[in-house]
Every structure is written in structure tokens, then in C-alpha cells.
Amino acid sequence: MRTSLTAFCKSHGLPKTTVYRDCQRLGIDTANGLDDEAIARLNLEYGIVDAPAAPEPAAIAPDEIVPTGFIRSGQLPTVESRKIILPAGFDPNAMVRLFDGVVGQSTDTEKLLAIADRAIEAACSAMDAKVQEQRERLSRAERDAETLAGKIAAARTDLTVKALESRLLAERQTSATQRTEDLFGNLMAMGKPDSGDSQP
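Because the structure is predicted, anything quoted here is derived from the model rather than measured.

Participant: Just checking my understanding: could you explain the environment of T6 for this structure?
Facilitator: Mapped onto the secondary structure, T6 falls in helix α1 (residues 5-12). For T6, a relative accessible area of 43% translates into the label partly exposed. For the pair T6 and T17, spaced 11 residues apart in sequence, the C-alpha to C-alpha distance is 9.9 Å.

This is the structure we're talking about:
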């Protein structure tokens, strides 16, 4: 049979936070309560010696007379000792509710801590993955920027050389065209009759 950490601390008057921290240090799992082995280790840790369980007092029935000696007469002989009988149907819980109607709420805070640890671990893992992906993307972008800069520089040089070659070719083309036109003009001039020639 397992005993809750709260019950163990309460029965020995120990602060729960201290016992929980020591359980973590000793490797004792408290999620499902403490088994006999865990209780024995904690007893050894805190020097607790379990006393034999005291016999439970006999319950007093509602209509049973209060045991002898429960009410003692005073020293004055004029005071008469009277026996008191609990009224039938007496409910001590009803008396408690009369003075204290507050009902507290309890949550397994150890499980909340475990869930919080898992949530934080998942968030950190997700953030690590995001940062790693950002680093890889940045590395690729920087590498591609360097590659593109090299391509642009090479293309600029290549295009400058080709533009110069195009300009030279254009000049030679123009020169060759003009020479051809001049030669053609000379050829056409050969076929013109002289102005002094008469027609037969």
C-alpha cells in the first residue's frame, strides 16, 4: 500500500518542499505515492523510528454514558458530580460546519511541475529547431550572395570584352560597307556615256 507524500510529511511534521527535494536527490519517484522501500529510505534519511501504533480508543456510542472519571467533582463538597450523556444523533461534523464552512481545493502540484517541465522542454526544443533552421538559411543566403557577386563580376568583365569586340566589328562592318559602296559606285561610273559623245 502506498502513502502519499503529503501524508508522510504530515505524520512526521516535515516540510513537504524539503522532503520532495530530498526525494529527487535520492531518486525516489513520488508521482504515485511512496512505497514501503521509499518510506524506509526516508526514515533512514531523517532518523525516524516508527513507534508502535497506539491502540485506537473505543468509540463512544451516541447513547453511551461518558466513561467514569471523564468529569471530576471539584474540591468543594457542595458541588455535585453529574454524569453527562451525549445526545442521540450527535454529529461532530455538523458542529465543524457550523463554525467552518470553507472548503479548500487541492491539486496534485507535483504533476503540475512535471507537466510544466515537459512544456518548457518542448518549447526549448522547438526554439532550438527554429534557430538552427535560421542559421542554415542565413548560411545559404550568405553563400549564395558571394556566388552571385562572383557571377556578376565575371559577367561584367565578359560583357565589357564582348561590347568592345562588337564595337570593333561594327566599325569594320561600316568600313567594309562604305568600301563596297565606293567600288560599286566606281563600277556604275564606268557604264555612264561621256557627255561629249553623240548619238548615231
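Participant: Help me out: how do you make sense of the nonpolar core in this one?
Facilitator: A general tendency of soluble globular proteins is for nonpolar side chains to be buried together. Counting residues in each nonpolar core, the largest one holds 11 residues, listed as L5, F8, C9, V19, C23, I28, L34, A38, I39, L42 and I48. Every element with two or more residues in this core is listed here: α1, α2 (16-26) and α3 (36-46).

Participant: It is not clear to me how the pattern of salt bridges should be interpreted in this structure. Could you clarify?
Facilitator: Two side chains with opposite charge may pair up if their charged atoms get near one another. Applying the stated rule across the entire model yields four salt bridges. Of the charged contacts in the structure, one is a salt bridge between D22 and R25, with a shortest N-O distance of 3.4 Å. Of the two residues, D22 and R25 both sit in helix α2, three residues apart, roughly one turn of that helix. Residue D22 is classed as buried on the basis of its relative accessible area of 13%. Because the salt bridges share partners, they merge into one network encompassing D22, R25 and E45.

Participant: Help me understand a nonpolar patch on the surface, please; the structure alone is not making it clear to me.
Facilitator: Taken together, the side chains of F184, L187, M188 and M190 make up a nonpolar region of the molecular surface, amounting to roughly 460 Å² of accessible area. Structurally, L187 can be placed in helix α5 (residues 109-190).

What counts, and where the lines are drawn
Residues numbered from 1 in each chain as written. Predicted model: local features only at pLDDT ≥ 70, side-chain atom pairs only at ≥ 80, totals over all residues. Heavy atoms only, no water. Helix = DSSP H or I, 4+ residues; strand = E, 2+ residues; numbered from the N terminus. Buried < 20%, exposed > 50% of the residue type's maximum accessible area, 1.4 Å probe, protein only. Core = buried A, V, L, I, M, F, W, Y, C linked by side-chain atoms within 4.5 Å. Salt bridge = Lys/Arg side-chain N within 4 Å of Asp/Glu carboxyl O. Patch = residues over 30% accessible without salt bridge, like charges linked within 9 Å, V, L, I, M, F, W, Y side chains within 5 Å. Areas by Shrake-Rupley, 256 points an atom, 1.4 Å probe, with all protein chains shown as cover.

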